[in-house]
Amino acid sequence: MESILTINNLTKKFGYLTAVKDLSFTIKKGNVYGILGPNGSGKSTTLGIVLNVVNKTQGDFKWFDGTVSTHDALKKVGAIIERPNFYPYMTASQNLKLVCKIKGVDYSKIEEKLAVVGLEDRKDHKFNTYSLGMKQRLAIASALLNDPEILILDEPTNGLDPQGIHQIRKIIQDIAAKGTTILLASHLLDEVEKVCSHVVVLRKGEKLYSGRVDEMISSHGFFELKAEKQEDLIKLLESNTTFKNIKVENGLITAFLNAPMDATDFNKLMFEKGIVLSHLVQRKESLEEQFLQLTDNN
Amino acid sequence: MLRLLNLELQKLLLNRASKVLIFVSFILPFTVLILSSIKINFFGFFTLELGELGIFNFPIIWHITTFFAAQFKFFFAIVVVSMIGNEYSNKTIKQNLIDGLSKKEFILSKFYTIVFFSLVATILIAVASFCIGMYYSSYTEASIIFRETDFLVAYFVKLVAFFTLCLFFGMLVKRSAFALAFLFILYILEYIVLGLITWQSNYELAEKIQNFFPLKSMYKLIDQPFQRVMMTKFPDKMDLTYNYAVHWYEIVIVLCWTALFLFLSYRILKNRDL
């Protein structure tokens, strides 16, 4: 698969503080990536470096096949970092026109992209009259102007109200569905879980994990169970080597798997042993649980 | 180049404050020029007509108009520092770079704008001086008219250099008000150094060295014309004579400063994390 961004041993130091430490990963075309990490883990710094606004200390990165200069490559990239930055005294369409001039895009795209984010009616209003949600949507429209190969979003829902968050998330999902590569930095895990197929997990500037979301920790998931004969069930589970540990909470038994097992097979097994289940759910750890597990272990 | 100029002009002309300042910086020198060229009657007591003094004669008019018009450069200087200050306070500089403008292009777009406005100002002053001169001047032979038009070149170089200095201060401190304060500090500093050298050696040497300083070298491009006007009135007074011409080495010094300021602005931006 074609790679869009390759980062090799990237390091950034701010004085004594090392914000990014020997970071390497590759972004492949067509996937939706999440960069996860607590506040101050170096997400924004990493994005700043590849976006030409922060100078690296060591290492290197290359856009696409590495033959174009960073600022030319950025003309094929759409990016929003932190807060939406526009000229407050210009209207939405004037602001986008300026971006068109920088990126060398035709002005006809302006109307089209404003429609994508639902700002057509407000396009002739000045930027400083916009609400935060509208500003963020305008930023997305601006990032989409050049039909980018990759869309980079840094905390796109920060500070928005629930409707705003929902709108932005919907727009991101629509864009992802069209096959655009997306790189989403966030500390909001359910956000990443909902849209991303791959994650890079950072902590204190170091990479803890990079790969598919569902392979983040070697886990086979767990069963949530309820039955009339609870003691028998627990005894049975404890004697079975497929389960590593069993937790009982408010009458709900949680049994973690050691090896893969199908819910149908499990149900059949229980029935043969004379236990009838009143509740059976097979689940995998949520991204949040996985993330906490990963960041605690290291 | 046109793309970068176009970019910056959009940023400036859609901003009401800078639009007003640009307008003022062009209109004010003209108003003064035109007012001074008409006959003013002070309620019948006496009439003041500066044209009678011979200051609108070719070729001295080039000297006079460029000298006075240059005093109005401060208005556009505010525009220059605020166009950097605003980029920082709105964080649009960051967005511009992310959108694919290189740091070099960013500085160049500001510099081209400076050159563009300096050029427009020079052309306007040239046209206005020419018209007023044609009306008042006692001599209208082509050879006399176009003598000393090198003052226009000096005027242009002076404006470009001064605004590039403002650009540099703007990049250095990121805030428009502080950048203007720096200009003032530099002005004072040049005189303190002058004083120090005078104290250590003598005034003549000190003044020679001061002619190499940024603000002083820009000022020296077009010397004050008052003494020259006096010279034309009293041609026999030899102690009034001074060298008021535009010298090639003065232009070279100022161009060196301009190049240095432009380069330093670029270096600052290049090494800065935004």
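Keep in mind that what you see is a predicted model, and the values were worked out from it rather than measured.

Asker: Run through the overall build of chain B, naming residues and quoting values.
Answerer: Within chain B, the regular secondary structure consists of 13 helices and two strands. Along the three orthogonal principal directions, the C-alpha set of chain B runs to about 65 × 50 × 40 Å. Relative to its full complement of 274 residues, chain B shows a buried share of 38%. Pairs at least 24 apart in sequence give 81% of the contacts found in chain B among residues at least 6 apart.

Asker: How would you explain the environment of B:Asn57 if you had to name every residue and give the values?
Answerer: All names here are of chain B. Mapped onto the fold, Asn57 is located in the loop between strand S2 (46-48) and helix H3 (60-70). Taking the C-alpha atoms as reference, Asn57 lies 6.0 Å from Gly133; in sequence the two are 76 residues apart. Other than its neighbours up to four places away in sequence, Asn57 contacts Tyr136, Ser137, Ser138 and Tyr139.

Asker: Tell me about the interface of chain A and chain B, and please be specific about residues and values.
Answerer: Facing the 23 residues of chain A at the interface are 23 residues of chain B. Within the residue set of the side of chain A that touches chain B, elements represented by two or more residues are helix H2 (70-73) and helix H3 (92-103) of chain A. When residues in the side of chain A that touches chain B are grouped by element, the largest group, six residues, is from H3(A). Split into classes, the residues belonging to the side of chain A that touches chain B amount to 14 nonpolar, five polar and four charged.

Asker: I'd like a rundown of the sheet that holds strand S13 (residues 277-283) of chain A, residues and numbers included.
Answerer: All names here are of chain A. The strand order across the open sheet formed by four strands is S11-S12-S10-S13, and the pairing between neighbours is antiparallel. Here the strands that pair on one side only, and so sit at the sheet edges, are strand S11 (243-249) and S13. With direction set aside, neighbouring strand axes in the sheet form an average angle of 20 degrees. As defined by bridge partners, strand S10 (residues 222-227) adjoins strand S12 (residues 252-257) across four bridges and the pair is classed as antiparallel. Among the inter-strand pairings, Phe223 is bridged to a residue of S12, identified as Ala255. Where helix H8 (residues 230-239) meets the sheet, it contacts S10, S11 and S12, and its direction lies at approximately 155 degrees from that of S11. Contacting S10 and S13, helix H9 (residues 263-272) crosses the sheet at an angle of about 155 degrees to S13.

Asker: Give a description of the packing of helix H9 (residues 176-200) of chain B against helix H10 (residues 203-210) of chain B that names residues and reports values.
Answerer: The packing of two helices is summarised by the inter-axis angle and the distance between the axes. All names here are of chain B. The N-to-C vectors of H9 and H10 enclose an angle of 145 degrees; their axes lie 8 Å apart at closest approach. For H9 against H10, the interelement crossing comes out right-handed. Contacts between H9 and H10 involve Glu190, Leu194, Ile197 and Thr198 from the former and Tyr203, Leu205, Ala206, Ile209 and Gln210 from the latter. Residue composition of the contact of H9 with H10, grouped by class: six nonpolar, two polar and one charged.

Asker: Which residues make up the sheet that holds strand S8 (residues 198-203) of chain A, and what values do they have?
Answerer: All names here are of chain A. Across the sheet, which stays open at both edges, the six strands sit in the order S5-S6-S7-S3-S8-S9 with mixed pairing between neighbours. With partners counted over all chains shown, the strands left at the sheet margins are strand S5 (77-80) and strand S9 (206-212), one partner each. Put simply, the sheet's adjacent strands are angled 10 degrees from each other on average, direction ignored.

Asker: Help me get a handle on the confidence of the model for chain B, residues and values and all.
Answerer: Low-pLDDT portions of the prediction should not be read for the details of their coordinates. The share of residues in chain B with pLDDT of 70 or more is 93%, and the mean pLDDT across the chain is 87. Confidence metrics for the complex model read pTM 0.86 and ipTM 0.84.

Asker: Mind laying out H9(A), listing which residues take part and the relevant values?
Answerer: Side chains that are three or four residues apart share a direction in an α-helix, a result of its 3.6 residues per turn. Counted residue by residue, H9(A) has one buried out of ten residues, so it is predominantly exposed. Positioned one or two residues after H9(A), A:Gly274 has a phi angle of 85 degrees, which is positive.

Asker: Which residues make up the domain arrangement of chain A, and what values go with them?
Answerer: Residues and elements named next belong to chain A. Each domain of chain A was delimited in the assignment, giving domain 1 (3-215) and domain 2 (222-297). Using C-alpha coordinates to define each centre, domain 1 is positioned 40 Å away from domain 2. Opposite the nine residues of domain 1 that make contact, domain 2 presents six residues. Among the secondary structure elements, those contributing two or more residues to the side of domain 1 that touches domain 2 are helix H7 (189-195), S8 and S9. Of the residues forming the side of domain 1 that touches domain 2, the biggest block, three residues, is contributed by H7. Each residue belonging to the side of domain 1 that touches domain 2 can be placed in one class, and the counts come to seven nonpolar, no polar and two charged.

Asker: Outline the nonpolar core, listing residues and values.
Answerer: In terms of nonpolar packing, the biggest core is built from 133 residues, with A:Tyr33, B:Val80, B:Phe163, B:Cys166 and B:Leu167 touching the most fellow members. Here the element with the most residues in this core is helix H8 (residues 150-173) of chain B; it accounts for 16 residues. If near-sequence neighbours (up to four positions away) are discounted, B:Leu167 is found in contact with B:Val80, B:Ile84, B:Lys110, B:Phe111, B:Ile114, B:Phe261 and B:Ser265. Listed in part, the seven residues of the second largest apolar core include A:Phe222, A:Leu225, A:Leu233 and A:Ile253.

Asker: Account for the environment of A:Val77, with residues named and values stated.
Answerer: Residues and elements named next belong to chain A. Mapped onto the elements of the fold, Val77 is located in strand S5. The sequence separation of Val77 and Ala227 amounts to 150 residues, and the corresponding C-alpha distance is 54 Å. Each residue touching Val77, except ones within four places of it in the same chain, is listed here: Pro148, Glu149, Ile150 and Ile152.

Asker: Account for unusual backbone geometry, naming residues and giving values.
Answerer: Of note, the bond from B:Phe58 into B:Pro59 is cis; its omega dihedral lies within 30 degrees of zero at -5 degrees. Within the secondary structure layout, B:Pro59 lies in the loop between S2 and H3. Of note in the backbone geometry, A:Glu155 takes a positive phi value of approximately 50 degrees without being a glycine. Position of A:Glu155 among the secondary structure elements: in the loop between strand S6 (150-154) and helix H6 (162-177). Looking at A:Glu155, the number of C-beta atoms within 10 Å reads 20, which means it is buried.

Asker: Describe the pairing of strand S2 (residues 17-28) of chain A, with residues and values.
Answerer: Within a regular strand, the side chains alternate between the two sheet faces. All names here are of chain A. Where strand S1 (residues 3-14) lies against S2, eight bridges are found, and the strand directions are antiparallel. For Thr6, the partnering residue across the bridge sits in S2 and is Thr26. Between S1 and S2, which pair antiparallel and follow one another directly, the connecting turn spans two residues, one of which, Gly15, has a positive phi of 60 degrees.

Asker: So what's going on with the packing of H8(B) against H9(B)? Residues and values would help.
Answerer: All names here are of chain B. At a minimum axis distance of 8 Å, the contact between H8 and H9 shows a crossing angle of 125 degrees. Taken together, H8 and H9 sit at an angle that is classed as oblique. The handedness of the crossing between H8 and H9 comes out as right-handed. Side by side, H8 and H9 meet where Cys166, Phe169, Gly170 and Val173 of the first sit next to Ser176, Phe178, Ala179, Phe182 and Leu183 of the second. Residue classes in the contact of H8 with H9 are distributed as seven nonpolar, two polar and no charged.

Asker: An account of the environment of A:Asp121 is requested, with residue identities and associated values reported.
Answerer: All names here are of chain A. Structurally, Asp121 can be placed in the loop between helix H4 (109-116) and helix H5 (132-144). Its 8 C-beta neighbours within 10 Å are what place Asp121 among the exposed residues. Separated by 141 residues in the primary sequence, Asp121 and Asp262 have C-alpha atoms spaced 53 Å apart.

What counts and what doesn't
- Residues numbered from 1 in each chain as written.
- Chains lettered and ligands numbered in written order.
- Predicted model: local features only at pLDDT ≥ 70, side-chain atom pairs only at ≥ 80, totals over all residues.
- Helix = DSSP H or I, 4+ residues; strand = E, 2+ residues; numbered from the N terminus.
- Buried ≥ 20, exposed ≤ 12 C-beta atoms within 10 Å, placed from the backbone.
- Contact = placed C-beta atoms within 7 Å.
- Nonpolar A, V, L, I, M, F, W, Y, C, P; charged D, E, K, R; others polar.
- Pairing = 2+ DSSP bridges.
- Axes fitted to C-alpha atoms, helices over the stretch in contact; angles between N-to-C directions.
- Left-handed = near helix turned anticlockwise from the far one by under 90°.
- pLDDT = per-residue confidence, 0-100.
- Domains from an automatic or database assignment.
- Core = buried A, V, L, I, M, F, W, Y, C linked by C-beta atoms within 7 Å.
- Parallel < 35°, antiparallel > 145°, perpendicular 65-115°, else oblique.

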